[in-house]
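# Coordinate analysis (summary)
Listed below, chain by chain, are the residues.
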Amino acid sequence: MGHLLLAIFCSATIAITMRLSSGKLRGQYTMLAVNYLICGILGAFYSDFSLLTAQSEGLGITLALSVFNGGILLSGLLLLQISTRKNGIVLSSLFMKLGLLVPFVLSILFFQETPTVLQIAGFCVATGAIVLFNLKKADGPNRFSPLLILLLLASGGCDAIVKVFEALGPETLSNHFLCLSFTVAFLLCGGLVIRNREQIDGKALFFGSVVGIANFFSAKFLLGALGQLPAMVVFPTYSVATMLVVTLAGILFFREQLGRRQWIAFATVIAALIMLNI
């Protein structure tokens, strides 16, 4: 459970830092490039810089999943950065964590994980609560924009790939998987920085470093949690608990307002968390 709690803390830190950096950076790609550079360095450190001498068994699937994961990692943070600026930290984080639908379904369809009746109920309650959280009156703005749906899919895709690696990849290459994933994301983002001729400044270095540390350890602790607990518990708890932390931060520190319906949904999510962990 300790790994899961740390993963939740790190995941919430990413969203909060992205919100704090909004409007303070000269370019949107430089901070992300610094973030992935930090992640790659940490990944190399935890793999004892043995990437080139890694075992050949399982290296192929590790490389393939890393390339795929790196692209989705970058797209997810880009979407989060844009959505946070347009839709606020609460709404963006809610849809990002609604991505739990992807690995949850994946675990049932391809990995024969069978949830209990209570866990299914908790999952349904949590999903319904997140949707309820975003409902507006008929004359209100349309909240379900394509940007938010893409954010949902990107976030869920990252978690799903982590699950696939945990199931099919060698445990001894887990740190190599993280290092390679972040290196691919760094190279892709570095290309965007060069193309847009962005310059590195102190703010980009600071915010990028904070996001990078949180980003790496979020993935590392999530892998550790999957080795201790069933995915049916890890992914919904990780997603919904992170959502709660970010929502509280949005209310307390960024003055984002919630209506009565949203407060009801907030309380419903807490009930869902209890159901998922019984």
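Conventions and cut-offs
- Residues numbered from 1 in each chain as written.
- Predicted model: local features only at pLDDT ≥ 70, side-chain atom pairs only at ≥ 80, totals over all residues.
- Heavy atoms only, no water.
- Helix = DSSP H or I, 4+ residues; strand = E, 2+ residues; numbered from the N terminus.
- Rg over C-alpha atoms; globule rule 2.2 N^0.38 Å.
- Buried < 20%, exposed > 50% of the residue type's maximum accessible area, 1.4 Å probe, protein only.
- Contact = heavy atoms within 4.5 Å.
- Lys, Arg positive; Asp, Glu negative; His and termini not counted.
- Charge placed at Lys NZ, Arg CZ, Asp CG, Glu CD.
- Salt bridge = Lys/Arg side-chain N within 4 Å of Asp/Glu carboxyl O.
- Disulfide = S-S within 2.5 Å.
- pLDDT = per-residue confidence, 0-100.

## Topic: the overall build of the protein
- Of regular secondary structure, the protein possesses 11 helices and zero strands.
- The linear arrangement of helices and strands in the protein, starting from the amino end, is α-α-α-α-α-α-α-α-α-α-α.
- A compact globule built from 278 residues would reach a C-alpha radius of gyration of about 19 Å, and the protein, at 18 Å, matches this within 12%.
- Taken along the three principal axes of its C-alpha coordinates, the protein extends 55 × 45 × 30 Å.
- Counting all 278 residues of the protein, 55% fall into the buried class.
- Of all intrachain contacts in the protein linking residues separated by at least 6 positions in sequence, the fraction that spans at least 24 positions is 90%.
- Charge-centre separation for the protein: the mean point of 17 positive side chains lies 17 Å from the mean point of 10 negative side chains.

## A closer look at the pattern of salt bridges
- Summed over the entire model, instances satisfying the criterion amount to one salt bridge.
- Of the charged contacts, one joins Glu-166 and Lys-163 as a salt bridge, the two residues approaching to 3.1 Å between their closest N and O atoms. Of this pair, Glu-166 and Lys-163 both sit in helix 7 (residues 146-168), separated by three residues, roughly a single helical turn.
- For Lys-163, a relative accessible area of 5% translates into the label buried.

## So, the side chain of Thr-84
- Inspection of the secondary structure assignment puts Thr-84 in helix 3 (residues 59-87).
- Thr-84 gets classed as buried once you look at its relative accessible area, which sits at 4%.
- Apart from the residues lying within four places of it in its own chain, the contact partners of Thr-84 are Arg-19, Ile-89 and Ser-92.

## Considering the state of the cysteines
- All told, the structure shown has zero disulfides when counted by the stated rule.
- With no disulfide partner, Cys-39 has as its closest neighbouring cysteine sulfur the one in Cys-179, 10 Å distant.

## So, the confidence of the model for the protein
- When the pLDDT values of the protein are averaged, the result is 81; 91% of them are 70 or greater.
- Looking across the protein, the model is least confident in helix 11 (residues 260-276), with a mean pLDDT of 73, and most confident in helix 1 (residues 2-21), with 90.
- Residue range residues 138-142 is modelled with pLDDT below 50. Its contacts to residues more than four positions away, or to other chains, number one contact.

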